[in-house]
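Each chain, letter by letter, is given below.
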Amino acid sequence: MTERTFSMIKPNATKKNVTGGINALLEQGGLKIVAQKRMQLTREQAEKFYEVHKERPFYDELCEFMCSGPIVAQVLEGENAVMRNREIMGDTNPEKADAGTIRKEFGDSIGENSIHGSDSAENAAKEIAFFFSEMEILPA
Ligand code: GTP
Ligand code: MG
């Protein structure tokens, strides 16, 4: 089933100028980047995006980091894109991620792990709508 997911390259990766390397792994993994924009999140936007993690001890640190530099918001398309993208990203903790995954190659720590990917089709739809208007995305 062809579907879409939301992806976000995090500030540690834009700072290191490795967005091209990350995109290459996404494309080699079989996903197509159908929308993409580089932007700076405000603290309010970061807090809203990560609202589900509000009660977690790292919430403040995470929101602070996510607006510490530019991010690249993306819509990815492909076979089982949500789960496929999570395989390509690798484990949340770069130290535990398999070789060849994005987080292993480009992650610096569990917080600064270089990329976010939606964890379900339902959240993908919400996250895409949060970042992109209809006009900014190629029709499916
Ligand atoms: P996302 O794709 O970013 O949602 O990652 P995930 O689904 O693999 O992990 P999870 O949803 O559990 O956590 C969301 C984000 O919170 C992670 O990507 C990390 O950047 C951050 N995070 C998770 N655990 C920790 C932690 O122990 N410390 C810090 N600083 N950040 C954490
Ligand atoms: Mg998650």
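The structure displayed is predicted, hence computed values, not measured ones. (Residues numbered from 1 in each chain as written. Chains lettered and ligands numbered in written order. Predicted model: local features only at pLDDT ≥ 70, side-chain atom pairs only at ≥ 80, totals over all residues. Heavy atoms only, no water.)

Comments concerning the site of ligand 1
The line we're drawing: We call a residue near a molecule or strand as soon as one heavy atom of that residue lies within 4 Å of the molecule or strand. Two N or O atoms form a polar contact when they lie within 3.5 Å of each other; inside protein one atom must be a possible hydrogen donor and the other a possible acceptor, and for residues adjacent in sequence the pair counts only when both atoms belong to side chains. Shrake-Rupley sampling with a 1.4 Å probe provides the accessible areas, and residues are treated as covered by the protein chains on show and by no other component. Per the convention used, a helix needs a DSSP run of H or I reaching at least four residues, while a strand needs a run of E reaching at least two, with both numbered from the N terminus. When residues are grouped by polarity, Ala, Val, Leu, Ile, Met, Phe, Trp, Tyr, Cys and Pro land in nonpolar, Asp, Glu, Lys and Arg in charged, and all others, Gly among them, in polar.
With respect to spatial proximity, 15 residues lie near ligand 1, and among them Lys10, Arg56, Arg86, Thr92 and Gly117 are the closest. Here an oxygen atom of ligand 1 and a side-chain polar atom of histidine 53 are 3.2 Å apart. In the complex, the protein chains occlude 82% of the 590 Å² of accessible area that ligand 1 would expose alone. Looking at the shell around ligand 1, the elements with two or more residues in it are helix 4 (59–66) and strand 4 (115–117). Residues belonging to the shell around ligand 1 are distributed by class as follows: four nonpolar, six polar and five charged.

Considerations on helix 4
How we decide: Summary of the burial criterion: residues with accessible area below 20% of their type's maximum are buried, those above 50% are exposed, and those between are partly exposed, where the area comes from a 1.4 Å probe applied to protein chains only. Relevant arc is that of directions from the helix axis to the C-beta atoms, nothing else. Contact criterion: two residues are considered in contact whenever any of their non-hydrogen atoms come within 4.5 Å of each other.
The complete set of buried residues in helix 4 reads Tyr59, Leu62, Cys63, Phe65 and Met66. Around the axis of helix 4, the buried residues are gathered within 160° of arc, so they sit on the same side. Summarising the geometry of helix 4, the exposed residues directed more than 90 degrees from the buried face are Asp60 and Glu61. Contact partners of the buried residues in helix 4: strand 1 (2–9), helix 1 (11–16), helix 3 (43–49) and strand 3 (71–79).

Observations concerning helix 5 (residues 81–89)
Where helix 5 is concerned, the buried positions are Ala81, Val82, Asn85, Ile88 and Met89. The buried residues of helix 5 occupy one face: seen down the axis, they fall within an arc of 125°. Residues of helix 5 that are buried make contact with strand 1, helix 2 (19–28), strand 3, helix 6 (102–106), strand 4 and helix 7 (121–131). Glycine 90 sits one or two residues past helix 5 and shows a positive phi near 90°.

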